[in-house]
2 protein chains.
Amino acid sequence: MSHTVGIRQAQKQKTRQALLDAALRLLEDQSLSSVGLREVTRAVGVAPTAFYRHFTGMADLGVALVEEALGSLHATIGEALTEPADEARIDRTVALVAELVRTSPAHVRFVAREQHGGVAAVRAAIGEQLGRFADEVAAVFAAEPESAGWSRDDLDMLAGMYVDHMVMTASALLEAGPEDEERVSALARRRLRLVSLGRRHWLD
Amino acid sequence: MSHTVGIRQAQKQKTRQALLDAALRLLEDQSLSSVGLREVTRAVGVAPTAFYRHFTGMADLGVALVEEALGSLHATIGEALTEPADEARIDRTVALVAELVRTSPAHVRFVAREQHGGVAAVRAAIGEQLGRFADEVAAVFAAEPESAGWSRDDLDMLAGMYVDHMVMTASALLEAGPEDEERVSALARRRLRLVSLGRRHWLD
DNA sequence: TGTACATCAGTGAACGCGCGTTCACTGATGTAC
DNA sequence: TGTACATCAGTGAACGCGCGTTCACTGATGTAC
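Calculation criteria
- Residues numbered from 1 in each chain as written.
- Chains lettered and ligands numbered in written order.
- Predicted model: local features only at pLDDT ≥ 70, side-chain atom pairs only at ≥ 80, totals over all residues.
- Heavy atoms only, no water.
- Axes fitted to C-alpha atoms, helices over the stretch in contact; angles between N-to-C directions.
- Helix = DSSP H or I, 4+ residues; strand = E, 2+ residues; numbered from the N terminus.
- Parallel < 35°, antiparallel > 145°, perpendicular 65-115°, else oblique.
- Left-handed = near helix turned anticlockwise from the far one by under 90°.
- Contact = heavy atoms within 4.5 Å.
- Least-squares fit on C-alpha atoms with pLDDT ≥ 70 in both.
- Salt bridge = Lys/Arg side-chain N within 4 Å of Asp/Glu carboxyl O.
- Buried < 20%, exposed > 50% of the residue type's maximum accessible area, 1.4 Å probe, protein only.

Moving on: the packing of helix H5 (residues 86-103) of chain B against helix H8 (residues 152-176) of chain B. All names here are of chain B. As a packed pair, H5 and H8 sit with axes 9 Å apart at the nearest point and diverge in direction by 45°. In this view, H5 runs oblique relative to H8, as classed from their interaxial angle. Taken as a pair, H5 and H8 cross one another with a handedness that is right-handed. Listed contacts from H8 to Ile90, Thr93, Val97, Ala98 and Val101 of H5 are Tyr162, Met166, Thr169, Ala170, Leu173 and Leu174.

Let us now look at the relation of the copies chain A and chain B. The transformation that overlays chain A on chain B combines an axial shift of 0.0 Å with a rotation of 180°, and the residual RMSD is 0.0 Å. Between the two chains, the operation in question is that of a two-fold axis. Minimal C-alpha separation from the rotation axis in chain A is found for A:Gly198, amounting to 2.0 Å. Both copies share a contact surface, since 100% of the interface residues of chain A are interface residues in chain B too.

Take the pattern of salt bridges next. All names here are of chain A. Scanning the entire structure with this criterion turns up 30 salt bridges over all chains. The residue Arg89 makes a salt bridge to Asp86 at a minimum N-O spacing of 3.6 Å. Taken as a pair, Arg89 and Asp86 lie in helix H5 (residues 86-103) at a separation of three residues, close to a single helical turn. Given the relative accessible area of 1%, Arg89 is considered buried. Classification of Asp86 by relative accessible area gives buried; the value is 18%. A single network of salt bridges, built from pairs that share partners, joins Asp86, Arg89, Glu144, Arg199 and Arg200.

Printed below as a string of structure tokens:
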């Protein structure tokens, strides 16, 4: 075998991930600004000082969590939007959000909570990711024949509504709990249908 | 003069209000769960123990702030919705939100931040107030001829969209700052126009 | 393959500090007569 | 109006505790020869 790619580096990654995981768990019922660095290291079982080998402080860890929560989502969302028919696209979009909430409730809660939370760097990181989603959605819409005659500004407006509704739906699903998932999803679909109707008549 | 209605009681109210005001100022760049009781009393200039004469803890103070921020708003919103024409109603609604953000930015920021924040009692209090807003908006819509044939559920859906968009607009206005107020307001109006269009064609 | 030195993730003691809460208190305001 | 007692908003000392950060360290992993 050639060059083991670093036992040391692998172990460091493992500790870093353990810190992120422990923080995420603590963030389920606290906000970032009230979770302490010592709390996190205690949960992992390392000395408080080890924290500094990975992050400059809790804000830094928060930014890393934003990347973990949203970074890999761009591909998935782009995929859901390839659906050509309006109804089917709405169904897939809402289903995707519901699945995300089911699979990674803690990540979703973290993003919902810190989107307007007390840590500026984290707010900025979330805003940047959501802005990228909106751009991607706008690009998909722009390529469609239904968007003929639409201004760039109006397309951005529409895309923004889609993204904002996805975030609100995610947050509503979290609050509602699994037993009410279908009810909340149905409501989210009707909302998107209303927006879709508005889109169809925008240029009347 | 007959019975001075209590010097003592008046002074107590004054201290209580001072605690609320000081907390609100501290909350401009922190979240509720990270503002300390001692921080608040220090800002007011009373002993930490005086706090307990007014609130059981910071969560309790937070709930009082929710009432202060949203309690008196029901009348104002109801008024804006009396506007019969769609366009005029949208303009008045957005203008009302913009004015609220201009007049009470700290209250608005507090509500936006704690709506999904780390303190359950405060989240619940905000959710309750927003739910009441949605009910009031739904009642106004229900009374209109355009709502003929609409189910109760669909009316609630529509009202929910209105309220959610007001909250998002308020939050966007805060983030943008005064110089971008007109741009954000214009965007908010277009969004409401899209929803309004969707409403008109909902039963097609 | 073996040896000698460098790197660096994680340690553990120590620091000064502000926190929330308790308690018995003080003295101005309120009330009964 | 005057006096004697009750109430209670705010005080100040004290407590035990966990916090973030510093520092010199250790010992396993990595590297050069």
